[in-house]
Amino acid sequence: MATRTTDQELVAEFSEDHGRRDEDEYGRERESKRRRRAGPEVIACFGYHPWFCHLLHLGSPDQEVNKEGHYASIFLPSEASTSYTSQKQLLSEILPDLPEPISVQPLIEQMRTHAVQAQKRGSLVMIGEVGLDRSFRVPFPGHKANHCGEHTEVEEHTNTPSVADAEAKIATSGEEEMVKKLNQPELISRSKNLTPFRPSMDHQIALLEMQMDLAVELGINVSLHSVKAQGPTLDFLRRFKKKHGAMFTDRVNVDVHSCGGWSVESWVDAEKHFPNLYLSPSIAISGRTPVTPYLIRAADPSRLLVESDTHLIQDTTKRVWAATVWIAKCRGWKIERTEEDLEEKDIGVVRRLESNWNRFMNL
Ligand SMILES: [Zn+2]
């Protein structure tokens, strides 16, 4: 799954080497469910995550973009806000450490090329992880995490950093957050290292819309990140459905991944309006929200998927299994643990999630 400029090509290459195919090596369709279960399989996801969206501008590549104006429009509150002056001051202090923003337009073109190439060779492909995040704050660009997770003072800089440098710094901050989630809070002191800047919803929505337009154009699914943003996400989806109609709801399935902070009422309402919406609880994120067990119970059983929501490959299997067991316990479903269990008439959590996944991916 790609999230930023530096990993799109890596995902494309990995998918080319290991992409899951709907067909076998002789071009025949995979026949049995048992066969579908076999082997390592990769589904390429291309997209720009909201954590990196402030580094991108919406204009054309040859358009001159004023760096300060770009970041001011995305970071600063309205002039009427009491924090406007102090935040404006802070922005001017960190501006030399922020990269020149780059145009999103060629990046969308590159996403289209990658996705179409994957489709042509029969690999499965999605758009993601894209979405909206109201809790993310941009880390101080002049601070660097050392190997202990402590942070040095502002570094001397001679050159303006590149977008890739800025992305790496944000990703490091995200990894620290993961460490915190793994109960080692002593390794970080996060708030010190974050600016008060949350990228504006307008900017996040504009980027999300461009990427989801591409999903509709190509008829491919979306992995949607929605953190502390259920209101804006639902408003966006309603407007998007009006814009694309059945081209969206019939051709593109959307997984609201980890479903961060959604209320039960909002989810149930969303299911009614969007037949193409799924949710995938994870232990890492959904497990920290007390409402999730209620969400799992209230959701239509056919809309549930499951995920690890971790970037640590060594953790994915156990986290997916832990979330599977959790879903089963919340729903009172049987857990299939052996091949024989999978043959039994009374279907449990594994076959339910499998059949949801097959429907989600149109397999
Ligand atoms: Zn996410």
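Scroll up to find the structure.
Reference entry: report on the structure contained in this document.

Parameters and conventions
Residues numbered from 1 in each chain as written. Predicted model: local features only at pLDDT ≥ 70, side-chain atom pairs only at ≥ 80, totals over all residues. Core = buried A, V, L, I, M, F, W, Y, C linked by C-beta atoms within 7 Å. Buried ≥ 20, exposed ≤ 12 C-beta atoms within 10 Å, placed from the backbone. Helix = DSSP H or I, 4+ residues; strand = E, 2+ residues; numbered from the N terminus. Contact = placed C-beta atoms within 7 Å. Pairing = 2+ DSSP bridges. Axes fitted to C-alpha atoms, helices over the stretch in contact; angles between N-to-C directions. Parallel < 35°, antiparallel > 145°, perpendicular 65-115°, else oblique. Left-handed = near helix turned anticlockwise from the far one by under 90°. Nonpolar A, V, L, I, M, F, W, Y, C, P; charged D, E, K, R; others polar.

1. Examining the nonpolar core
The biggest cluster of nonpolar side chains holds 73 residues, and the ones touching the most others in it are F46, I127, V222 and L279. Looking at this core element by element, the count peaks at six residues for helix α7 (residues 201-218). When residues no more than four places from it in sequence are discounted, the contact partners of L279 are D255, V256, C259, W267, A299, R303, L304 and L305.

2. With respect to the pairing of strand β4 (residues 125-133)
Where burial is concerned, most of β4 is hidden: nine out of the nine residues are buried. Summarising the sheet, strand β1 (residues 44-46) and β4 pair through three bridges and their orientation is parallel. Across the sheet, residue F46 finds its bridge partner in β4, namely I127. The pairing of β4 with strand β5 (residues 221-227) spans six bridges and is classified as parallel. When the sheet's bridge partners are listed, V130 is paired in β5 with L224.

3. Observations regarding the packing of helix α5 (residues 105-120) against α7
As a packed pair, α5 and α7 sit with axes 11 Å apart at the nearest point and diverge in direction by 30 degrees. Classified by the angle their axes make, α5 and α7 are roughly parallel. Read as a crossing pair, α5 and α7 show a hand that is right-handed. Along its contact with α5, which presents I108, M111, R112, A115, V116 and Q119, the element α7 presents M210, L214 and L218. Of the residues belonging to the contact of α5 with α7, the class tally is seven nonpolar, one polar and one charged.

4. Digging into the sheet that holds β4
The strand order across the open sheet built from five strands is β1-β4-β5-β6-β7, with neighbouring strands paired in parallel fashion. Taken across any chain shown, the strands that pair with only one partner, and hence form the sheet edges, are β1 and β7 (277-280). Going across the sheet, the axis of each strand differs from the next one's by a mean of 30 degrees, ignoring polarity. Relative to the sheet, α5 contacts β1 and β4, its axis offset from that of β1 by approximately 160 degrees.

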